[in-house]
Amino acid sequence: MPSPALPILYSFRRCPYAMRARLALAASGQRCELREVVLRAKPAELLAASPKGTVPVLMLPDGKVIDQSLDIMRWALTQHDPEHWLTPDRGSIADMESLIQQCDGAFKTDLDRYKYPDRYENTDALAHRTAGAKYLMELGRLLQEQDYLFGTRRSLADMAIAPFVRQFAHVDQTWFEAQPWPALTHWLEAFLADARFQQVMEKYAPWVSGTEGVRFPHDND
């Protein structure tokens, strides 16, 4: 049986929301039991913890459930924030959260309809690509002046937003790299090459009910 002292994280490797949660947990050094799920066959334990059935879901040892990715990030970083993601050297928490809200709102809507147009009736994928690109241009303008969105080091905003920019770029990599945002392209490339991203993208077998999940992050990370 899993140790009752460890939080349990239900995750799906390729989900950008789950990526951002794993990034914050890894940065904080907060150990958890990671349970990789198959979204088309969600385990009963996940649905019992969070009936909405989306990942990530973090179950704390005291029974509290956190089922919003940003809340998981904030919880982890409140426990320990050695890289100071919550205290950027430029701007404020409110500034970061505003930029993240834009990502999770209009940009995510455009991203979904650009990437998966068949899922939405009467959807013009290219129109949503154009709309989403406006947000990316704003990120590019910020990055022309500094290496990260809020200064000289990565912050909550960088790590919360980058998984979604990654997904947008992968729809048509050639188009993305041809756009007039070289600073954004460099920022994304640095994120993808970073050891932290490589750490949280390790592949795990799907969790089987009744078994123990994977200890995350690993002791040797």
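If you're wondering where the values come from, they're calculated on a predicted model, not measured in any experiment. (Residues numbered from 1 in each chain as written. Predicted model: local features only at pLDDT ≥ 70, side-chain atom pairs only at ≥ 80, totals over all residues. Heavy atoms only, no water.)

Considering the overall build of the chain
Now for step 1: Secondary structure summary: the chain contains nine helices and five strands in total.
Now for step 2: Across the chain, helices and strands are ordered from the amino to the carboxyl terminus as β-α-β-α-β-β-α-α-α-α-α-α-α-β.
Now for step 3: Relative to the globule expectation of 17 Å for 221 residues, the C-alpha radius of gyration of the chain, 18 Å, shows essentially globular dimensions.
Now for step 4: Each principal axis of the C-alpha distribution contributes one length, and for the chain these read about 55 × 45 × 30 Å.
Now for step 5: Across the 221 residues that make up the chain, the buried fraction comes to 49%.
Now for step 6: Look at the contacts in the chain between residues 6 or more apart in sequence, and 69% of them connect residues 24 or more apart.
Now for step 7: Carbon and sulfur atoms make up 51% of the accessible area of the chain, which totals about 10,800 Å².
Now for step 8: Between the averaged position of the 25 positive side-chain charges in the chain and that of its 29 negative side-chain charges there is a distance of 3 Å. (Helix = DSSP H or I, 4+ residues; strand = E, 2+ residues; numbered from the N terminus. Rg over C-alpha atoms; globule rule 2.2 N^0.38 Å. Buried < 20%, exposed > 50% of the residue type's maximum accessible area, 1.4 Å probe, protein only. Contact = heavy atoms within 4.5 Å. Areas by Shrake-Rupley, 256 points an atom, 1.4 Å probe, with all protein chains shown as cover. Lys, Arg positive; Asp, Glu negative; His and termini not counted. Charge placed at Lys NZ, Arg CZ, Asp CG, Glu CD.)

With respect to the packing of helix H3 (residues 69–79) against helix H6 (residues 156–171)
Now for step 1: As a packed pair, H3 and H6 sit with axes 12 Å apart at the nearest point and diverge in direction by 145°. Judged by the twist between their axes, the crossing of H3 over H6 is right-handed. When H3 is examined against H6, the residues Leu 70, Met 73 and Leu 77 are found in contact with a partner set consisting of Leu 156, Met 159 and Ala 160.
Now for step 2: Split into classes, the residues belonging to the contact of H3 with H6 amount to six nonpolar, no polar and no charged. (Axes fitted to C-alpha atoms, helices over the stretch in contact; angles between N-to-C directions. Left-handed = near helix turned anticlockwise from the far one by under 90°. Nonpolar A, V, L, I, M, F, W, Y, C, P; charged D, E, K, R; others polar.)

Thoughts on the nonpolar core
Now for step 1: Among the nonpolar cores identified, the biggest contains 57 residues, and Leu 136, Ile 161 and Phe 176 are the most heavily contacted of them.
Now for step 2: In terms of residue count, H6 provides more of this core than any other element does, 10 residues in total.
Now for step 3: A domain-level breakdown of this core finds at least three residues from each of domain 1 (8–84 + 198–216) and domain 2 (93–194).
Now for step 4: Beyond its immediate sequence surroundings of up to four residues, Leu 136 is in contact with Phe 107, Val 165, Phe 168, Phe 176, Trp 181 and Leu 184.
Now for step 5: The next biggest cluster of nonpolar side chains, apart from the first, holds 11 residues, and it includes Ile 8, Cys 15, Val 55 and Trp 207. (Core = buried A, V, L, I, M, F, W, Y, C linked by side-chain atoms within 4.5 Å. Domains from an automatic or database assignment.)

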